[in-house]
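Below, each chain spelled out in residue letters.
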Amino acid sequence: MDAEVFQSLKNLTTSVTSLSELFQKDPSRSQWLTVDACGIHADFSRQRIDSSLFEALLHSAEVVDVRGSFGKLISGEIMNATEGRSVGHMALRAPANSSPLAQQASGQLERAKLLADGIRSGAIVGATGKKIETVINIGIGGSDLGPAMAARALRRFANGPVVKFVSNIDAADLDEALHGAHPETTLFVISSKTFTTLETMHNAERARRWTQASVSEWASHFVAATSHAEAALSWGIQKDRCLEFFDWVGGRFSLSSVIGFPVMCSIGGDQFSEFLAGMSEMDHHVVTAPGNVNLPVIHALIWWMNSALHSFPTVAVIPYSHDLSRLPAYLQQLVMESNGKSVGVDGRTVLGGTSPVVWGEAGTNGQHAFFQMLHQGTQVVPVEFVTTAASLGTDDEAHDLLFANVIAQSEALAAGRAHNELHKSFEGNRPSSVLVLDELSPRCLGSLIAMYEHSATIQGWLMGINSFDQWGVELGKVLAVDAASAIAGGSLVDKKTMTHPLLNWYVSIRKKLPRN
Ligand code: F6P
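What you see is a predicted model; the values in this text were computed from it and never measured.

Enquirer: What is the right way to look at the overall build of the chain in this model?
Expert: When helices and strands are counted, the chain shows 19 helices and 13 strands. Here the C-alpha radius of gyration of the chain, 24 Å, is about what a compact globule of 516 residues would show, namely 24 Å. Principal-axis analysis of the C-alpha atoms gives the chain an extent of 75 × 55 × 50 Å. The buried share among the 516 residues of the chain stands at 52%. By sequence separation, contacts in the chain at least 24 residues apart represent 72% of the contacts at least 6 residues apart. Accessible surface, the chain: about 22,500 Å² in total, of which carbon and sulfur atoms supply 54%. In the chain, 39 positive and 51 negative side-chain charges are present, and the distance between their average locations comes to 8 Å.

Enquirer: Can you help me understand the sheet that holds strand 9 (residues 242–244) in this one?
Expert: In any sheet, the strands associate via hydrogen bonds between backbone groups, in a parallel or an antiparallel arrangement. An order of 6-5-7-8-9 is seen for the 5 strands of this open sheet, with the pairing classed as parallel. Here the strands that pair on one side only, and so sit at the sheet edges, are strand 6 (162–166) and strand 9. Between one strand and the next, the sheet's axes are offset by a mean angle of 20°, whatever the strand orientation. Summarising the sheet, strand 5 (residues 134–138) and strand 6 pair through 5 bridges and their orientation is parallel. Bridging across to strand 6, Ile 136 finds its partner in Lys 164. Along the sheet, helix 6 (residues 100–121) contacts strand 7 (186–191), strand 8 (222–226) and strand 9; its crossing angle with strand 9, the most-contacted strand, is approximately 140°.

Enquirer: Sorry if this is basic, but what is going on with the site of the ligand here?
Expert: Surveying the vicinity of the ligand reveals 14 residues, the closest of which are Ser 143, Ser 192, Thr 194, Thr 197 and Glu 337. Lys 193 is positioned with one of its backbone polar atoms (N or O) 2.7 Å from an oxygen atom of the ligand. Glu 337 is positioned such that a nitrogen or oxygen atom in its side chain is 2.7 Å from an oxygen atom of the ligand. Alone, the ligand offers 400 Å² of accessible surface; in the complex the protein occludes 87% of this. Taken together, the residues of the shell around the ligand break down into 2 nonpolar, 9 polar and 3 charged.

Enquirer: What am I meant to see in the pattern of salt bridges here?
Expert: Two side chains that carry opposite charge are able to pair once their charged atoms sit near each other. In total, this model carries 18 salt bridges according to the counting rule given. Here Lys 113 makes a salt bridge to Glu 110, at a shortest N to O gap of 3.3 Å. Of the two residues, Lys 113 and Glu 110 are both situated in helix 6; the distance of 3 residues between them amounts to about one turn of the helix. Accessibility expressed as a relative area gives 43% for Glu 110, which makes it partly exposed. Between Lys 424 and Glu 421 there is a salt bridge, and its shortest N-O distance comes to 3.6 Å. Residue class for Lys 424 comes out partly exposed when judged on its relative accessible area of 36%.

Enquirer: Looking at this model, I keep getting lost on the sheet that holds strand 11 (residues 357–359). Mind explaining?
Expert: Taken in spatial order, the 6 strands line up as 1-2-13-12-10-11 in an open sheet, and their pairing is mixed. Where the open sheet ends on each side, the last strands, each with one partner, are strand 1 (34–37) and strand 11. Recorded for the sheet is a direction-independent mean angle of 15° between the axes of neighbouring strands. Seen against the sheet, helix 16 (residues 396–415) touches strand 10 (314–320), strand 12 (383–388) and strand 13 (432–437) and runs at an angle of roughly 160° to strand 12.

Enquirer: Quick question: what am I supposed to make of a nonpolar patch on the surface here?
Expert: On the surface, a nonpolar cluster with roughly 350 Å² of combined accessible area is contributed by Leu 502, Trp 505 and Tyr 506. Tracing the backbone through its elements, the reader meets Leu 502 in helix 19 (residues 500–510). Note on Leu 502: relative accessible area 58%, which makes it exposed.

Enquirer: Would you mind showing me how to read the domain arrangement of the chain here?
Expert: Where interface size is quoted, it is often the accessible area lost as the parts come together. Segmenting the chain into domains produces domain 1 (3–63 + 289–466), domain 2 (88–273) and domain 3 (473–510). Put simply, the middle of domain 1 and the middle of domain 3, counted by C-alpha atoms, are 42 Å apart.

Enquirer: Looking at this model, I keep getting lost on the pairing of strand 12. Mind explaining?
Expert: Consecutive residues of a regular strand have side chains that alternate between opposite faces of the sheet. The buried fraction of strand 12 is high, at 6 of 6 residues. Here strand 12 shows a buried face lined by Val 383, Phe 385 and Thr 387 and a second buried face lined by Glu 384, Val 386 and Thr 388. Sheet topology places strand 10 next to strand 12; 5 bridges connect them, and they run parallel. The partner of Ala 316 across the bridge, within strand 12, is Val 383. Both strand 12 and strand 13 contribute to a ladder of 6 bridges, which runs parallel. Within the sheet, the bridge partner assigned to Thr 388 lies in strand 13 and is Leu 437.

Enquirer: Even after reading the chapter, I still don't get the packing of aromatic side chains, so can you show me in this structure?
Expert: Aromatic rings in a pair are described by how distant their centres are and how their planes are angled relative to each other. Here the structure, examined in full by the defined rule, presents 16 aromatic pairs. Here the aromatic rings of Phe 70 and Trp 461 are separated by 4.9 Å at their centres, their planes lie at 85°, and the arrangement is edge-to-face. Taken together, the residues span a long stretch of sequence, with Phe 70 in helix 5 (residues 66–74) and Trp 461 in helix 17 (residues 442–463) at a distance of 391 residues. Both rings, one in Phe 246 and one in Trp 248, keep their centres 4.6 Å apart while their planes meet at 5°; by these two values the pair is stacked.

Enquirer: Just to check I follow, could you spell out the packing of helix 1 (residues 3–15) against helix 4 (residues 51–63) for this structure?
Expert: Helix-helix packing is described using two parameters, namely the angle between the two axes and the distance between the axes. Between helix 1 and helix 4, the shortest axis-to-axis distance is 10 Å and the interhelical angle comes to 155°. If you check the angle between helix 1 and helix 4, you find them roughly antiparallel. Considering the relative orientation of helix 1 and helix 4, their crossing is left-handed. Across the interface between the two elements, Leu 9, Leu 12 and Thr 13 from helix 1 touch Ser 52, Leu 53, Ala 56, Leu 57 and Ser 60 from helix 4.

Cut-off values and rules
- Residues numbered from 1 in each chain as written.
- Predicted model: local features only at pLDDT ≥ 70, side-chain atom pairs only at ≥ 80, totals over all residues.
- Heavy atoms only, no water.
- Helix = DSSP H or I, 4+ residues; strand = E, 2+ residues; numbered from the N terminus.
- Rg over C-alpha atoms; globule rule 2.2 N^0.38 Å.
- Buried < 20%, exposed > 50% of the residue type's maximum accessible area, 1.4 Å probe, protein only.
- Contact = heavy atoms within 4.5 Å.
- Areas by Shrake-Rupley, 256 points an atom, 1.4 Å probe, with all protein chains shown as cover.
- Lys, Arg positive; Asp, Glu negative; His and termini not counted.
- Charge placed at Lys NZ, Arg CZ, Asp CG, Glu CD.
- Pairing = 2+ DSSP bridges.
- Axes fitted to C-alpha atoms, helices over the stretch in contact; angles between N-to-C directions.
- Near = heavy atom within 4 Å.
- Polar contact = N/O pair within 3.5 Å; in protein donor to acceptor, adjacent residues only side chain to side chain.
- Nonpolar A, V, L, I, M, F, W, Y, C, P; charged D, E, K, R; others polar.
- Salt bridge = Lys/Arg side-chain N within 4 Å of Asp/Glu carboxyl O.
- Patch = residues over 30% accessible without salt bridge, like charges linked within 9 Å, V, L, I, M, F, W, Y side chains within 5 Å.
- Domains from an automatic or database assignment.
- Phe/Tyr/Trp six-rings, centres within 6.5 Å; stacked < 30°, edge-to-face > 60°.
- Parallel < 35°, antiparallel > 145°, perpendicular 65-115°, else oblique.
- Left-handed = near helix turned anticlockwise from the far one by under 90°.

This is how it looks when you write it as structure tokens:
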């Protein structure tokens, strides 16, 4: 997008009147700013948009050719130029006969579902003949956040082994997962696209030692989900336990690949297929629906408007569904690793802001923690409420109260309240959206996750950046290896780094501490 179009959009955002005035002038705005698609009812009417800005935003989606870009992505063009890769996550849930990529993916997915269902039924057992009761996924980033979020969200459908997730290199994480688990009935899933990630490989080695101490045929208790099968095989994973995905699937876009294996173990292959069906429905919607009723397009335009045009630095995603509590953490990687960049695909510094800080916590808990700041603080924080129409638990009255809180918070943020005592007044005009899933089912969750994947992608196109690389995580990884070898060697590095004194302090203090 050129500077002139960007500036004219920015000017338009400043001419929009307050939300109260917008509702007064056009009481019908909730009709044209509400979208129903793929089991999601999305109300964007309390965003700072009037009809001319809405038209202009929709036009900007055409300027950056969202439709054409999806076409390129689906046809396997190299859309991740800095890594020379196609971006094929939509092929993971497309019909097998729709493309060579989809064909490749569906074969692996079927293998994963068969293995998961065999473990669930007891047809596939541990080395000593005992049924697997605990599945521990060891992975980090995209090899953890997606399946951990989905397993939590779909826990009402769980009827298989207990599924746990270990990501942190802090030993406390694996300690906790191993607590109460038995080597003969535990299966580890080593989830790593590269099969080299420091945290994952360190934890995997510890898990292998823990298993070997009781089970000599340890490899029967390990599965890999990876795009580097050779590395997994040479680590000792058995060929029939090595589930593959592909370099054309980004880690944070990999939930619909075999990275979903722990979810399959929890809810079963058929329910996982339902999850993929929901994603596929949203994939169809994003490439066929007109802009003014296209949910991911409108969602992306609003997030982009708030971060790049209004320069609101953060966005709070508040799931009003206890089981969606891992959604904010999942979105942090999806949005911030994808769009936290400053250089465009043209090699120039981008116009306007890129990724907002995404944060959040389950409602209503958040209301009693940080909502004070959202209502009366000096920063404007756009809020996204995510909830369900159907009640989840056994208490429908509680669900009505939950929904009432979504309504109340959106109203208070937007309308505010005048009061003659200033500390009791709410200025209002604080933007929010509400996304309501029909129910927290595998299918609706699939639609929601695909919606967020597409929204992050479209935001990247609006920003003019490559959403599919993540060079910003590399420097820290290299420096961690250097620091670890200095610590292990007990050598005082003599480089004049800014962290040199801290490293030397740690090297000397650890000699005096007890070690395990
Ligand atoms: O460090 C970032 C990252 O590369 C993510 O992009 C990725 O999801 C995560 O690490 C884990 O990588 P892997 O699946 O290769 O272990």
